[in-house]
Structure formats: structure tokens, C-alpha cells
Amino acid sequence: MKTTLFLLLCFGAGLLYGQDSKDSLQQSSSRIVALPIVFLTPETSWGFGAAGIYTFRLPGESPESRPSQLQLGGAYTLENQVLAYLPFQVFAKAGQYNVYGELGYYRYTYFYYGIGNQYEDYDGELFDLAFPRVRLNAARRTFGQWYVGFRFWLDDMDVSGLEPGGLLEAEGATGQSGGLLTAAGGFLLLDQRDNVFYPTAGHYLELGAVRSGSFVGSQFDFTKYALDARKYWSAGTGAVVALNAYLEANTGDPPFTHLALMGGTRRMRGFYEGRYRDRQMAILQASYRFPLFWRLKGAVFGGLGNVARQISGFRAQNTRWTAGLGLRFLLLEAEQVHVRLDYGFGEGTSGFYLTVGEAF
């Protein structure tokens with residue numbers, strides 16, 4: 001069992017700018033929270049760093065408009081690993097324009113468990129992966145509440161540290177020598193959530209595709225399709241029920257790093273990200289979130305997931321399950337920004353996750 005544990009040094013972070021109250025929206029349109037962090041994982045040994053959250057509204061935007069957000073984080077581990085990331089989401093013109101994505105650089109160690117469902121008892125092997133990352137999505141509200149957008153991806157991958165004679169080397173998986181991956185595509189987005197950071201009602205639907213090939217300078221030739229559907233209900237007394245369905249399909253010859261990956265902080269918590277990977281994946285998740293006291297909330301969640309090489313290859317016996325419990329700490333009351341601490345588990349696996357924002 002591989003368990004990842006994150007510890008927050010300063011869980012109740014101080015506000016460095018602005019005031020955290022609903023009434024302050026008229027006085028301050030931006031605020032910053034800083035969080036020193038320390039973490040321990042089987043792959044990294046101890047790691048140390050800091051993260052910051054900056055919420056704001058562009059000049060001229062109404063105080064009732066959706067807030068934009070930047071998250072800046074960085075960490076260094078005792079295994080000489082580096083993580084630097086800047087996820088962002090910016091709303092403009094009363095939400096008519098929506099730009100979101102991520103800039104980052106990662107030099108990290110990952111586990112590889114093979115492709116498909118045939119390695120149930122494999123303990124995994126380590127490999128090193130370093131890459132700068134660009135994720136850019138730009139959308140405009142075109143008809144009704146539907147957005148039409150363009151997206152661009154870039155990962156310049158340096159793969160090293162393969163286990164001699166190991167599964168990754170023996171399989172000859174596409175991308176095991178690294179390479180430049182660029183991709184471009186489009187998407188449709190319907191976002192009717194009542195809050196971006198902590199939805200209590202409404203729904204979200206994103207359908208997109210990206211194409212990677214020589215026409216955008218990529219060394220890889222494949223197409224990825226994805227559907228992300230979410231629905232939220234208010235269950236009274238501050239409780240929320242949330243459902244999420246995620247479908248992904250890959251055609252062509254994607255690198256093993258960009259197959260559909262089960263696990264991690266958002267999809268099937270409790271599994272290591274990439275514990276199961278293949279061309280096709282289907283996931284269904286549910287969560288019940290409820291208030292506790294002060295700024296604390298609780299959560300229970302569960303999920304079912306399956307991967308296959310072909311869509312016709314899904315089998316009921318390959319369906320995995322996860323369940324878990326979580327805590328939420330309200331950092332910014334007006335925007336409903338929370339720190340999320342989850343413990344997820346499944347058959348023979350478990351993991352702790354600490355991050356900002358909900359899984360879905």
C-alpha cells in the first residue's frame with residue numbers, strides 16, 4: 001500500500017491583504033492568503049515549500065461578479081525534486097470571457113504500474129520525469145450560457161531513472177524516452193454553478209478534444225476526447241450533494257504519461273495517480289459535504305472507475321471503488337475558498353490529500 005501524507009504547517013493562515021467578510025466585497029476586490037507547507041511521500045522523502053492564493057476582480061467588474069483566482073505554489077524535496085505551479089482562472093466582462101489553465105515546472109519521481117488491468121499485484125517501479133507545463137484555455141460566452149473555447153497544451157518531457165529490466169523499459173511504451181508534446185483543440189463549456197470555488201447548486205458540463213501532432217510541433221500523434229459533467233444540490237442546513245461523471249478516450253499513439261490516469265487528488269481519491277492507466281477511462285463519483293462548526297466542514301465521498309484499451313473492452317470485473325472522509329477549512333468566506341484535506345481508500349490502497357478547492 002502506497003500512502004501519501006501531507007501536513008500543513010499553518011492551517012489557519014492569516015490574510016495578508018483585504019478582509020475576509022462578505023461586507024468587505026464593496027471595499028476590497030482582492031485578497032491574498034499565504035500557506036507554508038511541509039509534506040512527506042514515499043517517492044520524495046520530506047518536502048518543504050509555500051503556497052499562496054490570490055482572489056481578485058478585474059477593474060470595472062461588479063462586486064457580484066465571479067472572482068478570478070491565482071494559486072502560486074512551490075516546493076523542494078530532500079530527493080532534489082522541484083515543484084512550481086501557477087493554476088489560474090480569470091473572468092472578464094461580467095463573465096463573458098473565461099481564461100483558465102496552468103503554468104508550471106515539475107522535476108519529480110513517479111510510480112509506474114503498467115498499462116491496463118493486468119498488473120493487479122505489481123508494486124510499481126519508480127521513474128523520473130521533468131517538464132515545463134503550459135495549459136491554456138480561453139473561452140467566450142457565445143449562445144445562452146454556453147462558452148466556446150480554444151485550448152493549447154505543452155509538456156516538454158525528460159524521462160530518466162528507468163528501472164533496468166523493469167516493466168516500463170520492457171514494454172517499450174510510447175514516450176519512455178521523453179519528448180516534446182504540444183496539442184491544440186477546442187471545447188464547449190456550460191457553467192451554471194452558483195459558486196466557482198464551493199458550488200452548492202447548479203451544474204457544469206465540459207466537452208473537449210485536443211489533437212497532438214507534427215502540425216503543432218509535437219513529437220507525438222494522438223487525439224484526446226474528454227467529458228466532465230457535474231451536478232450539485234443543496235441538501236439543507238448548509239449540506240451539499242455533488243455528482244461527477246468523467247469520460248476520457250484516446251486515439252492514435254499517446255505517450256504513457258498522457259494516457260487516461262485513474263487516481264490522484266480529483267479522480268478516485270485513494271489510488272495513486274496513474275495506478276491504472278489506459279486509452280479509455282470512465283469514472284463516476286459522489287460527495288456529501290456538510291457544515292461542522294466555525295470554519296470547518298466535513299465530507300464523505302466515493303467513486304467507481306474503470307479503464308480499458310478500447311471502448312468495447314470495458315469489463316465489470318475491472319471496476320474499482322474508492323471511498324473516503326474529508327475536512328474543509330474556510331479560508332476566504334466571501335469567495336468560499338476552502339482548504340481540502342481528504343483521506344481516500346480502496347481495495348489495498350489509501351492516500352491523504354491536501355489542496356485548495358474541491359475535487360469536483
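Our structure is the block above this text.
Here goes a summary of the coordinates provided.

1. Description of a nonpolar patch on the surface
- A cluster of nonpolar residues, F143, V148, L188 and L207, forms a patch on the protein surface that exposes about 330 Å² of accessible area.
- In this fold, L207 is placed in strand β11 (residues 202-212).
- A residue is classified by how much of its surface remains accessible, and L207, at 47% relative accessible area, is partly exposed.

2. Looking at the pairing of strand β19 (residues 337-346)
- With seven of 10 residues buried, β19 lies mostly within the body of the structure.
- Sheet analysis places strand β18 (residues 320-332) next to β19, joined by 10 bridges and oriented antiparallel. Bridge pairing links L327 to L341 in β19.
- In this antiparallel pair of consecutive strands, β18 and β19, the connection spans four residues, and Q336 shows a positive phi of 60°.
- The hairpin turn running from β19 into strand β20 (residues 349-356), its antiparallel successor, is two residues long, and G348 in that turn takes a positive phi close to 75°.

3. Concerning the pairing of strand β8 (residues 125-143)
- Across 16 bridges, the pairing between strand β7 (residues 97-112) and β8 is antiparallel. Across the sheet, N98 pairs through a bridge with A139, a residue of β8.
- The pairing of β8 with strand β9 (residues 146-160) spans 13 bridges and is classified as antiparallel. Pairing of R135 across the sheet is with W153, part of β9.

Rules used throughout
- Starting afresh in each chain, residues are numbered from 1 along the sequence in its written order.
- Totals for whole chains, interfaces and linings use every residue, but because this is a predicted model, local features are given only for residues with pLDDT of at least 70 and side-chain atom pairs only at 80 or more, for both listing and counting.
- Processing note: side-chain calculations cover all non-hydrogen atoms of the structure and skip hydrogens and water entirely.
- What goes into a patch is any residue over 30% in relative accessible area without a salt bridge, connected to like charges within 9 Å or, for nonpolar side chains (Val, Leu, Ile, Met, Phe, Trp, Tyr), within 5 Å.
- Note on areas: these come from Shrake-Rupley sampling with a 1.4 Å probe, and a residue is covered only by the protein chains present in the view.
- One speaks of a salt bridge when a side-chain nitrogen belonging to Lys or Arg is within 4 Å of a carboxyl oxygen belonging to Asp or Glu.
- Secondary structure elements follow DSSP: runs of H or I no shorter than four residues count as helices, runs of E no shorter than two count as strands, and numbering proceeds from the N terminus.
- Throughout this description, buried means an accessible area under 20% of the type-specific maximum (1.4 Å probe, protein chains only), exposed means over 50%, and partly exposed covers the range between.
- By definition, two strands form a pair when at least two bridges between them are found by DSSP.

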